[in-house]
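Single-letter residue listing:
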Amino acid sequence: MQADPASVENAVATFSLGIENRILAICAGAEFGVAKQWPAEHFAATCKKKIDNGWQVWIFGSEKDAEVANEIMQMLAEEQRQHCVSLAGRTSLAQAIDLLSVAEAVISNDSGLMHIAAALDKPIVALYGSTSPDFTPPLSNKSKLLFTDIDCRPCFPRECPLEHKKCLTQLDPSQALAAIAELILTS
């Protein structure tokens, strides 16, 4: 899949975005449920590191994901927020595709946006909690799949039946950052 350059330019202008710095796309939501969502504090820790290294961060998602996007934003220092924008609930699907097309890397829960990023051939760090990449992997050779090997996963419910979400909380931000670095080196 390729985005139309004129549409990309229009989407960038519509949201007053700059594309001069490297862009990390964050897809923090998952329609299926919270058992597929990496903790907001993990996304925020990852964003902080990338912003401190000169990147900008764009957070994608539906209107339902605006709350977690705002949570992530609030965990950033004031000066870091200047390099992070929440697009959750603000874009059409076509605009999200256009904007994802200019990202240098994507970190995503197992979600529809993850599959769109794969179709755009973006380097993707795909996070799996209650689900399994055996069933829904990103169809891309530019992906790193992150998941824990705890006994209770994959379990597939929308909410953690054990109420601990260790399958996601034990995926450390340092693992996502290392995966991004590796993907960018090999892309």
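Asker: Would you explain the packing of helix α2 (residues 40-52) against helix α8 (residues 173-186) in this entry?
Answerer: Any two packed helices are characterised by how steeply their axes cross, that is the angle between the axes, and by the distance between the axes. One way to put it is that α2 packs onto α8 with a least axis distance of 9 Å and a crossing angle of 45°. The pairing of α2 with α8 is recorded here as oblique in orientation. Judged by the sense of rotation from one axis to the other, the crossing of α2 with α8 is right-handed. Facing α2, whose interface residues are H42, A45, T46, K49 and K50, α8 presents P173, A176, L177 and I180. Across the contact of α2 with α8, the residue classes tally to five nonpolar, two polar and two charged.

Asker: Quick question: what am I supposed to make of the sheet that holds strand β5 (residues 124-127) here?
Answerer: Sheets are built from strands paired through backbone hydrogen bonds, the pairs being either parallel or antiparallel. Judged by pairing direction, the sheet is parallel, and its six strands sit side by side in the order β3-β2-β1-β4-β5-β6 without closing on themselves. The sheet is open, and its two edges are formed by β3 (84-86) and β6 (143-146), each paired on a single side. Averaged over all pairs of adjacent strands, the angle between strand axes in this sheet comes to 15°, irrespective of strand direction. Across four bridges, β5 lies against β6 in parallel orientation. Counted as the bridge partner of V125 is K144 from β6. Strand contacts of helix α5 (residues 93-100): β1 (23-27), β2 (56-60) and β4 (105-109), with the helix running at about 155° to β2, the strand carrying the most contacts.

Asker: It is not clear to me how the pattern of salt bridges should be interpreted in this structure. Could you clarify?
Answerer: Pairs can form between side chains of opposite charge whenever their charged atoms are close. Within the structure shown, the criterion is met by four salt bridges. Two residues, K142 and D121, come together in a salt bridge whose shortest N-O distance is 3.3 Å. Remark: D121 occurs in the loop between α6 (112-119) and β5 and K142 occurs in the loop between β5 and β6; sequence separation between them is 21 residues. For K142, a relative accessible area of 24% translates into the label partly exposed. Put simply, K144 and E182 hold a salt bridge, and the shortest N to O gap is 2.6 Å. Residue K144 is found in strand β6, and its partner E182 is found in helix α8; the two are separated by 38 residues along the sequence. With a relative accessible area of 26%, K144 lands in the partly exposed category.

Rules used throughout
Residues numbered from 1 in each chain as written. Predicted model: local features only at pLDDT ≥ 70, side-chain atom pairs only at ≥ 80, totals over all residues. Heavy atoms only, no water. Axes fitted to C-alpha atoms, helices over the stretch in contact; angles between N-to-C directions. Helix = DSSP H or I, 4+ residues; strand = E, 2+ residues; numbered from the N terminus. Parallel < 35°, antiparallel > 145°, perpendicular 65-115°, else oblique. Left-handed = near helix turned anticlockwise from the far one by under 90°. Contact = heavy atoms within 4.5 Å. Nonpolar A, V, L, I, M, F, W, Y, C, P; charged D, E, K, R; others polar. Pairing = 2+ DSSP bridges. Salt bridge = Lys/Arg side-chain N within 4 Å of Asp/Glu carboxyl O. Buried < 20%, exposed > 50% of the residue type's maximum accessible area, 1.4 Å probe, protein only.

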